[in-house]
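Residue strings, one per chain:
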Amino acid sequence: MPADPLTLAGRTFRSRLIVGTGKYPSNPVMVQAHAESGAEMVTVAVRRVNLSDRSQESLLDFIDADKYFLLPNTAGCYTAEDAVRTAHLAREVGLSNWVKLEVIGDERTLFPDNEALLEATRRLVRDDFVVLPYTNDDPVVCRKLEDAGAAAVMPLGAPIGSGLGIQNANNIRIIKGAAGVPVIVDAGVGTPSDAALAMELGADGVLMNTGIAGARDPVVMARAMRLAVEAGRAGFLAGRIPRKPYATASSPLEGVVGSA
Amino acid sequence: MGRGREYAFSRLRIMLNGDPYEIAAPLTVGQLLARLEIDSRRVAVEHNLAIVKRAAYDTVVVSDGDQVEVVNFVGGGAHAG
């Protein structure tokens with residue numbers, strides 16, 4: 001198969017899978033899972049340094065920054081103000097000016113606050129960030145984010161951590177059909193077939209954390225997700241057959257033994 | 001952490017990562033990080049809501065009533081917390 005890299009904001013990635021760094025049973029398991037996933041980009045959260053327990057290991061001891069591109073996120077932010085502030089702090093850590101922008105609007109569903117997300121996107125684009133917003137699977141919001149300067153749009157497949165898979169496949173297809181920037185399905189993937197479906201719908205990539213980290217064996221699941229993303233992408237590029245309501249024989253109709 | 005216990009008579013109090021923290025005298029961001037035993041290459045610092053550039057760690061001074069945030073990267077994909 002010819003090289004088919006994912007290009008985001010002028011940067012190319014061989015892998016179309018982006019993985020998280022949370023919820024793993026241990027850091028060594030995370031390291032192995034990252035390797036098996038084939039991902040080249042990992043997302044990290046930004047938090048206050050724990051001043052009461054300095055014995056905790058630093059996440060950066062377990063992620064080779066030469067091998068993985070770090071994508072800081074604004075997970076946990078509920079206002080545009082906090083998200084913008086967090087993004088600026090993340091940039092100051094000094095690894096990149098990219099941000100996976102999250103502005104949450106509801107605690108139970110962790111659905112984004114579209115209005116605040118748009119505002120934060122505009123502000124961060126103005127401040128020279130590469131903004132990758134986590135958004136609803138809403139084609140109109142995705143278009144507005146693109147207009148605001150987002151480098152990609154990252155519609156959810158289902159609520160974060162739910163493992164429910166792609167709830168509105170048609171919306172993902174519509175978003176991809178209209179988008180002038182890459183579409184990354186972010187959140188909701190529970191199983192490899194979910195990831196494959198996202199890619200078959202035309203998504204340019206998939207971002208997941210819990211689907212791998214929360215599996216009974218995260219390392220094996222990471223490999224399964226890599227294969228699923230590759231399979232789904234290949235299936236999309238190959239072009240599926242049309243759906244038909246009745247059978248079409250795939251063997252010749254002539255020369256059947258016993259026919260007249 | 002001592003939380004500045006050795007400076008029991010100090011009157012300088014800052015808010016550090018949301019908690020009160022006492023210092024004996026104004027000090028630079030670099031000095032504060034050193035005192036906290038924090039590897040400054042892996043963190044970012046905000047002083048009174050303004051980002052402190054790494055190059056300014058030895059010039060920005062933290063004093064009474066100031067608000068300081070020191071953050072780093074932790075594991076998370078989405079809504080880690």
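Cut-offs used in this document
- Residues numbered from 1 in each chain as written.
- Chains lettered and ligands numbered in written order.
- Predicted model: local features only at pLDDT ≥ 70, side-chain atom pairs only at ≥ 80, totals over all residues.
- Heavy atoms only, no water.
- Helix = DSSP H or I, 4+ residues; strand = E, 2+ residues; numbered from the N terminus.
- Buried < 20%, exposed > 50% of the residue type's maximum accessible area, 1.4 Å probe, protein only.
- Axes fitted to C-alpha atoms, helices over the stretch in contact; angles between N-to-C directions.
- Parallel < 35°, antiparallel > 145°, perpendicular 65-115°, else oblique.
- Left-handed = near helix turned anticlockwise from the far one by under 90°.
- Contact = heavy atoms within 4.5 Å.
- Nonpolar A, V, L, I, M, F, W, Y, C, P; charged D, E, K, R; others polar.
- Pairing = 2+ DSSP bridges.
- Phe/Tyr/Trp six-rings, centres within 6.5 Å; stacked < 30°, edge-to-face > 60°.
- Core = buried A, V, L, I, M, F, W, Y, C linked by side-chain atoms within 4.5 Å.

1. Description of unusual backbone geometry
Phi angles above zero are rare outside glycine, and Ala187 of chain A is one such case at about 95°. Residue position: Ala187 of chain A is located in the loop between strand E9 (184–186) and helix H6 (192–200). You can call Ala187 of chain A buried: its relative accessible area is 9%. You will see that Asn48 of chain B, though not glycine, has its phi angle at about 50°, which is positive. Relative to the helices and strands, Asn48 of chain B is located in the loop between strand E4 (44–47) and strand E5 (50–52).

2. Digging into the packing of helix H1 (residues 27–37) of chain A against helix H8 (residues 218–238) of chain A
Residue and element names in this part refer to chain A. Two numbers describe how H1 lies on H8: the axes approach to 7 Å, and their chain directions differ by 20°. As summarised for this structure, H1 and H8 are arranged roughly parallel, according to the angle between their axes. You can see that H1 and H8 cross each other, and the crossing is right-handed. Residues Val29, Gln32, Ala33, Glu36 and Ser37 of H1 lie in contact with H8, whose contacting residues are Pro218, Val219, Ala222, Arg223 and Arg226. Of the residues belonging to the contact of H1 with H8, the class tally is 5 nonpolar, 2 polar and 3 charged.

3. Overview of the pairing of strand E1 (residues 12–16) of chain B
All names here are of chain B. Residues Leu12, Ile14 and Leu16 line the buried face of E1, whereas the alternating positions Arg13 and Met15 sit on a face that is not buried. As judged from the 5 bridges shared by E1 and strand E2 (residues 19–23), these two strands associate in the antiparallel manner. If you follow Arg13 over to E2, its bridge partner there is Glu22. In this antiparallel pair of consecutive strands, E1 and E2, the connection spans 2 residues, and Asn17 shows a positive phi of 50°.

4. Looking at the packing of aromatic side chains
All names here are of chain A. Tallying each qualifying case throughout the model produces 3 aromatic pairs over all chains. When the centroid spacing of 4.8 Å and the interplanar angle of 70° are considered together, the rings of Phe69 and Trp98 count as edge-to-face. One end of the pair, Phe69, is in strand E5 (residues 69–73); the other, Trp98, is in strand E6 (residues 98–101), and 29 residues separate them in sequence. The residues Phe69 and Trp98 share a single accessibility class, namely buried. Through a chain of ring-to-ring contacts, three or more aromatic side chains come together here, namely Phe13, Phe69 and Trp98.

5. Here we look at the nonpolar core
Within soluble globular proteins, side chains that are nonpolar tend to cluster in buried spots. Among the nonpolar cores identified, the biggest contains 39 residues, and Ile63, Met208 and Ile212 of chain A together with Phe73 of chain B are the most heavily contacted of them. For this core, the element with the highest residue contribution is H8 of chain A, accounting for 5 residues. The residues contacting Met208 of chain A, other than those within four sequence positions of it, are Leu17, Ile18, Val19, Gly20, Val189, Ala195 and Met225 of chain A. The next biggest cluster of nonpolar side chains, apart from the first, holds 25 residues, and it includes Cys77, Ala80, Phe129 and Ile175 of chain A.

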